[in-house]
Amino acid sequence: METQVARLEFREAMARVCAPVNIVTTDGPAGRGGFTATAMCSVSDDPPTLLVCMNERSTQTELFLANQRFCINVLTQSHMHLAAKFAGAIRDMTERYQAARWQTMPSGMPALLDAIVSFDCEIGAVNKVGTHNVMFGRVVDIRHGSDEAALLYVGRNYMQPSALGSFGG
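Please read all numbers here as calculations on a predicted model, not as lab measurements.

**Considerations on the packing of aromatic side chains**
- Summed over the entire model, instances satisfying the criterion amount to 5 aromatic pairs.
- Between F86 and W102, the ring centres sit 5.9 Å apart and the planes meet at 55°, which makes this aromatic pair tilted. Placement of F86 in helix 3 (residues 80-89) and of W102 in strand 7 (residues 102-104) is noted, with a sequence separation of 16 residues between them.
- Overall, the relative accessible area of 2% leaves F86 in the buried class.
- Aromatic pair Y97 and W102: ring centres 4.8 Å apart, planes at 50°, arrangement tilted.
- Judged by its relative accessible area of 4%, Y97 falls in the buried class.

**Quick look at the sheet that holds strand 2 (residues 22-26)**
- Spatial strand order, 3-2-6-9-10-5-4: 7 strands in an open sheet with antiparallel pairing. A strand with exactly one partner marks an edge of an open sheet, and here the two such strands are strand 3 (33-37) and strand 4 (40-45). Neighbour-to-neighbour, the strand axes of the sheet open up by a mean angle of 30°, direction not taken into account.
- When strand 5 (residues 48-55) meets strand 10 (residues 132-144), the two strands line up antiparallel, connected through 7 bridges. Pairing of V52 across the sheet is with M135, part of strand 10.
- Each of strand 2 and strand 3 is contacted by helix 3, which is oriented at about 115° to strand 3, the strand it contacts most.

**Considering the environment of D27**
- The residue D27 is located in the loop between strand 2 and strand 3 in this model.
- For the pair D27 and T3, spaced 24 residues apart in the sequence, the C-alpha separation amounts to 42 Å.
- In this structure, D27 is in contact with R32, N67, G108, M109 and P110, ignoring residues within four places of it in sequence.

**As for the nonpolar core**
- Counting residues in hydrophobic clusters, the biggest one holds 18 residues, and the most contacted among them are V52 and F70.
- Sorting the residues of this core by element identifies strand 3, strand 5, helix 2 (61-67), strand 6 (69-74), strand 9 (117-129) and strand 10 as the ones contributing at least two each.
- Residue contributions to this core peak at 4 residues, all from strand 9.
- Setting aside residues no more than four positions away along its own chain, V52 makes contact with V24, F35, A37, A39, M40, F70, I72, N133, V134 and M135.
- Listed in part, the 12 residues of the second largest apolar core include L75, A83, Y97 and L112.

**Some points on the sheet that holds strand 11 (residues 152-154)**
- Ordered by their spatial adjacency, 3 strands build an open sheet running 1-11-12, and the pairing between neighbours is antiparallel. Edge positions in the open sheet fall to strand 1 (19-20) and strand 12 (157-159), since each of these has one partner strand only.
- Here strand 11 pairs with strand 12 via 3 bridges, running antiparallel. Paired with L152 across the bridge in strand 12 is M159.

**Regarding the pairing of strand 5**
- Inspection of the sheet shows strand 4 paired to strand 5 by 5 bridges, in the antiparallel sense. Within strand 5, the position partnered with S44 by the bridge is T49.
- Linking two consecutive strands that pair antiparallel, namely strand 4 and strand 5, is a turn of 2 residues.

**Here we look at the side chain of T76**
- Within the secondary structure, T76 is located in the loop between strand 6 and helix 3.
- The exposure class assigned to T76 is buried, which follows from its relative accessible area of 0%.
- Among the polar contacts listed, one links the side chain of T76 to the side chain of S78, at a separation of 2.9 Å.
- Here the side chain of T76 touches E148 through a polar contact of 3.5 Å, side chain to side chain.
- Filtering out sequence-adjacent residues up to four positions away, T76 remains in contact with D114, I116, S146, E148, A149, A150 and L151.

About the criteria used
- Residues numbered from 1 in each chain as written.
- Predicted model: local features only at pLDDT ≥ 70, side-chain atom pairs only at ≥ 80, totals over all residues.
- Heavy atoms only, no water.
- Phe/Tyr/Trp six-rings, centres within 6.5 Å; stacked < 30°, edge-to-face > 60°.
- Helix = DSSP H or I, 4+ residues; strand = E, 2+ residues; numbered from the N terminus.
- Buried < 20%, exposed > 50% of the residue type's maximum accessible area, 1.4 Å probe, protein only.
- Pairing = 2+ DSSP bridges.
- Axes fitted to C-alpha atoms, helices over the stretch in contact; angles between N-to-C directions.
- Contact = heavy atoms within 4.5 Å.
- Core = buried A, V, L, I, M, F, W, Y, C linked by side-chain atoms within 4.5 Å.
- Polar contact = N/O pair within 3.5 Å; in protein donor to acceptor, adjacent residues only side chain to side chain.

Shown next, in the form of structure tokens:
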């Protein structure tokens, strides 16, 4: 039997992994929501599919699952304040959305007007893994935006690409 890595050891190791910062939005019959996520990646290009992970204990879980749609907005380095708001610094959803300019995708999903790119998705499947729901999204539309450098998250901090050096050095 293999030994399992301790939870805190895993969290510490993952803090060393650099990831782009995204705001995931939804709107529909269940209401409007949004959260900050770094756990997002491409799954397949045929059909175009990506995944995003959301803590199952989030008060927004049922909202996203009921709407069956989401939009992933890849943030620029000028969105650090917005990432913090959608990560929970601001609880009120209306106030979160008022902090930026949004465009409505044909599906009705809110897309951040100056995001690097926005992926409009229909939920194809949801798998619970540990503490998180992994939402697989079929990409139905893409909106290209800013050419500004991406906002990154590493070492439990937001970073600009130019600020990256050797970790811990």
